[in-house]
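Letter by letter, the chains look like this.
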Amino acid sequence: MNNIHTEWKTLDHWCCNDFERGSVGKYDVTMKDVGMPAVVHFRLKDGASDDWACDYVVVSREGESKTFPLYTFVEKEVAIIGSETELPQKVTQEVISDQRKENLVQLQGVVDWAHKHGGQNYWAGSMSYTNAKSYDDLPKFMQKSTDRQQDFILNGIIGVVTTKLSALATTPGLCFGTSYHKLENLDSYRFYYEHLDCTAQYTPDFLNGWKTDEGFGWQILNGILPQGFTACKEIPSYFNVTDADLNGMLGCGKTISSEIEAGKLYITDYTETYDITSGLRYRAQSNGVSCMVAQAVCLFYVSDDGHFLPAAIQLVPNDRDYLFIAEENSDDWLLAKMYFRNASFAIHEWVYHFLYTHATVEPFEVASYRCLSRAHPVYKLLRPHVRTVAAINAQARVALLLPSSLPAPGISVDAKTMINLFYKTYNLDKLNIPKVLKETGVDPDKIPFYHYGQDTLKLWKIVGDYVEAMIKLYYKSDQDVVEDTELQSFAHEVAHDGFGWEDGNTRGMPDKFETREKLIEICTLVICTSGVQHAAVNFGQYETGKFVPNFPSIMNLPPHKRGEANLERIMATLPTSKQCSGVIALLYALSKYSRAEELLGQFAEHWFYEEEAVAIQEAFQDDLKKLEAELIIRNENVHRPYLHQMPTNVPNSIAI
């Protein structure tokens, strides 16, 4: 019944320690009968020293029960709405409608945008985020679970201490100092990962054949930057490769033009990114001079025997002295591949990893708390996939992204300047993987062993079907979308406070939803970005970078000309022990799964109670299990298994 309240009752078992972590308390109370309540209120006793983390409350009355989900901390007082999932315009009880509004007003006083409080001065030129100077300043309900936080601290400490202090331990008589492990040849770099355990996510035999072109090509397809190439439509004027250079490589009678026409050539071009006018800030080399990152261009081809291989790499535009043609067992060619991989490193870490996943998802988390009631279907749909990102981002902005961070001296390009550069052209469409693959002319079925592309499209389809079913369950028409005031507020804040706060450019995010299809598209993108894509670009970092020559993070000499490379030149170019140890520690920490990890399709928090919604979730889980079984069989029958898009390796959300 509307606006009828019971009296307050104290919940207390005499001589018991109530409300302990992990406990379930049952209390029998007698109070004024108002029927089954629409809202339940809880208030902590005055002077209580602890916050209360409450998952849900079940009220039973005359044989009937009703659940009130919360899954958050109660710091003073809370009002919890029942489990019914409703659009705001469909709510018939005034008390629920009023409480939804009141709850949102309270949350808007706790969760806000950084740029509104002068907290984004340093990070101007990118999307906004939660107003918190550090992790400890986040509202407690936005912080990590205890297990997640301990895992992050532990893994970070293990990585840093093991690599740093093991290096120091190689110097007799030193407990602490500035001496590092001596690097004499490429195998010397194995020292670092041999001193770390192997529990970080890895693919068996990932580094086997790392020097070979076949191994190089496989990592381009299925490594941590698997979108780093496009179909080649023409050879850029500054890329001086000719038919004569590739004579015999492409096959008898074949030319660059004929292979472009046949869809057999692909290209990665970093020329513009590392142009002198791009505004990037570079780290110092081992001699104190700013490092150089090659303006690398790499041409790939699909060979007749079914491999994706590099054909040519040019490190300086319009200068054939820096053009290298594929040649196994050549020091020139090996070093050229290393320069290309180094050019990929910062783009992967700061753009495809941080900007395109971490930073992208956080505005949706902030706006969901500020604009969507806990009873809203979109809140319930997105919550498992956004609720952990603000916590890890708050830590990353302090510990990983600043020039003073531990790994920063070992990464060629400053994080902020790289993020700013790519945010200028950022658009959500660049995160829609099915669209991106189509627009870049990349058909995963036409590239041998492009497991990332094939697996990712299947996961997007499964997630898209799940989102569509859930959205259409609660929105019966486009008009329902238009009339949803909470949803429209959510869209407006994500667009204007999240992405367009500085220049009004909302970067592909609609500031209002007018159709169910657009809502489905955005929700699918958020879930897949937070889970599917983040898993692809994150959890393989340690296996890729633990052996520095495979994926060097900084180079200490400018690009070489043909004929200049030998082992001495390669060793002088690669990162020093001091430069690489902090980077390896970072990659180790980021590649570890948490004990508290929730995987795609798992719902540790129970938000949907309608039978149809539960059935949709179960169908989603069944689809994921079928894909898992399919990929297990596939991986048993290929030379190199690909694990990062298996559903059991894809977390629900970004937590590391």
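Residues numbered from 1 in each chain as written. Predicted model: local features only at pLDDT ≥ 70, side-chain atom pairs only at ≥ 80, totals over all residues. Heavy atoms only, no water.

1. Considerations on the packing of helix H11 (residues 451-474) against helix H18 (residues 611-636)
Remark: H11 packs on H18, axes separated minimally by 9 Å, with the N-to-C direction vectors making an angle of 170 degrees. Overall, the two elements H11 and H18 adopt an arrangement that is roughly antiparallel. Side by side, H11 and H18 meet where His451, Gln454, Asp455, Lys458, Leu459, Ile462, Val463, Tyr466, Ala469, Met470, Leu473 and Tyr474 of the first sit next to Glu612, Ala613, Ile616, Gln617, Phe620, Asp623, Leu624, Leu627, Glu630, Leu631 and Arg634 of the second. Considered class by class, the residues forming the contact of H11 with H18 number 14 nonpolar, 3 polar and 6 charged. (Axes fitted to C-alpha atoms, helices over the stretch in contact; angles between N-to-C directions. Helix = DSSP H or I, 4+ residues; strand = E, 2+ residues; numbered from the N terminus. Parallel < 35°, antiparallel > 145°, perpendicular 65-115°, else oblique. Contact = heavy atoms within 4.5 Å. Nonpolar A, V, L, I, M, F, W, Y, C, P; charged D, E, K, R; others polar.)

2. Describing the packing of helix H6 (residues 331-371) against helix H7 (residues 377-386)
Contact pair H6 / H7: the axes reach a minimum separation of 10 Å and the direction vectors enclose 135 degrees. It follows from the interaxial angle that H6 and H7 lie oblique. As for the relative orientation of H6 and H7, their crossing is left-handed in sense. Contact with H6, carried on its side by Val361, Phe364, Glu365, Ser368 and Tyr369, involves Tyr379, Arg383, His385 and Val386 of H7 and no other residues of that element. Partitioned by chemical class, the residues of the contact of H6 with H7 number 5 nonpolar, 2 polar and 2 charged. (Left-handed = near helix turned anticlockwise from the far one by under 90°.)

3. Some remarks on the packing of aromatic side chains
Enumeration over the complete set of coordinates arrives at 31 aromatic pairs. Both rings, one in Tyr193 and one in Phe547, keep their centres 6.4 Å apart while their planes meet at 85 degrees; by these two values the pair is edge-to-face. Here Tyr193 is found in helix H3 (residues 190-194), whereas its partner Phe547 is found in the loop between helix H15 (541-545) and helix H16 (567-573), with 354 residues between them in sequence. Phe547 matches Tyr193 in its accessibility class, with the two residues each being buried. Judged by centre distance (6.4 Å) and plane angle (20 degrees), the ring pair of Phe216 and Phe300 falls under stacked. Here Phe216 is found in helix H4 (residues 213-222), whereas its partner Phe300 is found in strand E7 (residues 297-302), with 84 residues between them in sequence. For Phe216, a relative accessible area of 5% translates into the label buried. Judged by relative accessible area, which is 0%, Phe300 ranks as buried. Clustering of aromatic rings is evident, with ring pairs tying together Phe216, Phe229, Tyr266, Tyr270, Tyr274, Phe300, Phe308, Phe340, Tyr450 and Tyr452. Here the basic side chain of Arg190 rests over the ring of Phe547, its NZ or CZ set 4.2 Å away from the ring centre. Lying across the ring of Tyr129, Arg397 places its NZ or CZ 3.6 Å from the centre. (Phe/Tyr/Trp six-rings, centres within 6.5 Å; stacked < 30°, edge-to-face > 60°. Buried < 20%, exposed > 50% of the residue type's maximum accessible area, 1.4 Å probe, protein only. Lys NZ or Arg CZ within 6 Å of the ring centre and 35° of its normal.)

4. Quick look at H6
In a regular helix each residue adds 1.5 Å, so 41 residues correspond to 60 Å; H6 covers 58 Å between its end C-alpha atoms and thus fits that length. Phe354 marks where H6 bends most, by close to 50 degrees. With 40 of 41 residues buried, H6 lies mostly within the body of the structure. For H6, the side-chain oxygen to backbone nitrogen distance between the N-cap and Asp332 is 3.3 Å, and the N-cap itself is Ser330. (Expected span 1.5 Å × (residues − 1). Bend = angle between axes of the 7 residues up to and from the residue. Polar contact = N/O pair within 3.5 Å; in protein donor to acceptor, adjacent residues only side chain to side chain.)

5. Focus on the environment of Asp245
Of note, Asp245 is situated in the loop between strand E5 (230-231) and helix H5 (256-261). Spatially, the C-alpha atoms of Asp245 and Ile654 are 45 Å apart, while their sequence positions differ by 409 residues. If we ignore the near neighbours within four places in the chain, the residues touching Asp245 are Asn240, Arg320, Leu323 and Ile325. Of the polar contacts made by the side chain of Asp245, one reaches the backbone nitrogen of Thr242; its length is 2.9 Å.

6. Comments concerning the nonpolar core
Tyr274, Leu355, Phe364, Met418, Phe490 and Met509 are the most contacted members of the largest nonpolar core, which has 158 residues in total. Not counting residues within four places of it along the chain, the set of residues in contact with Tyr274 comprises Leu280, Tyr282, Val293, Ala294, Gln295, Ala343, Ala346, Ile347, Val413 and Met418. In terms of nonpolar packing, the next biggest core, distinct from the first, is built from 16 residues, Phe239, Leu265, Leu309 and Ala311 among them. (Core = buried A, V, L, I, M, F, W, Y, C linked by side-chain atoms within 4.5 Å.)

7. Things to note about helix H9 (residues 415-423)
Burial analysis of H9 places 9 of its 9 residues in the buried class, the great majority of the element. If you check which residues of H9 are buried, you get Ala415, Lys416, Thr417, Met418, Ile419, Asn420, Leu421, Phe422 and Tyr423. Close packing links the buried residues of H9 with H6 and helix H13 (485-499). N-capping of H9 is provided by Asp414, with a side-chain oxygen placed 3.3 Å from the backbone N of Lys416.

8. Quick word on the side chain of His376
Here His376 lies in the loop between H6 and H7. With relative accessibility at 0%, the residue His376 sits in the buried group. If sequence neighbours within four positions are ignored, His376 has contacts with Thr85, Glu86, Leu87, Pro88, Arg100, Tyr475, Asp484, Glu486 and Leu487.

9. Topic: the pattern of salt bridges
This model, assessed by the stated rule, comprises 31 salt bridges. Between Glu84 and Lys66 there is a salt bridge, with its nearest N and O atoms 3.2 Å apart. With Glu84 in the loop between strand E4 (77-81) and helix H1 (94-108) and Lys66 in strand E3 (residues 64-74), the pair connects residues that are 18 residues apart, well separated along the chain. Classification of Glu84 as partly exposed rests on a relative accessible area of 30%. Classification of Lys66 as buried rests on a relative accessible area of 13%. The partner of Arg370 in a salt bridge is Asp112, with the nearest N and O atoms 3.3 Å apart. A residue pair is termed long-range when its members are at least 10 positions apart, and Arg370 in helix H6 and Asp112 in the loop between H1 and helix H2 (146-169) qualify at 258 residues. The same class applies to Arg370 and to Asp112, which are both buried. (Salt bridge = Lys/Arg side-chain N within 4 Å of Asp/Glu carboxyl O.)

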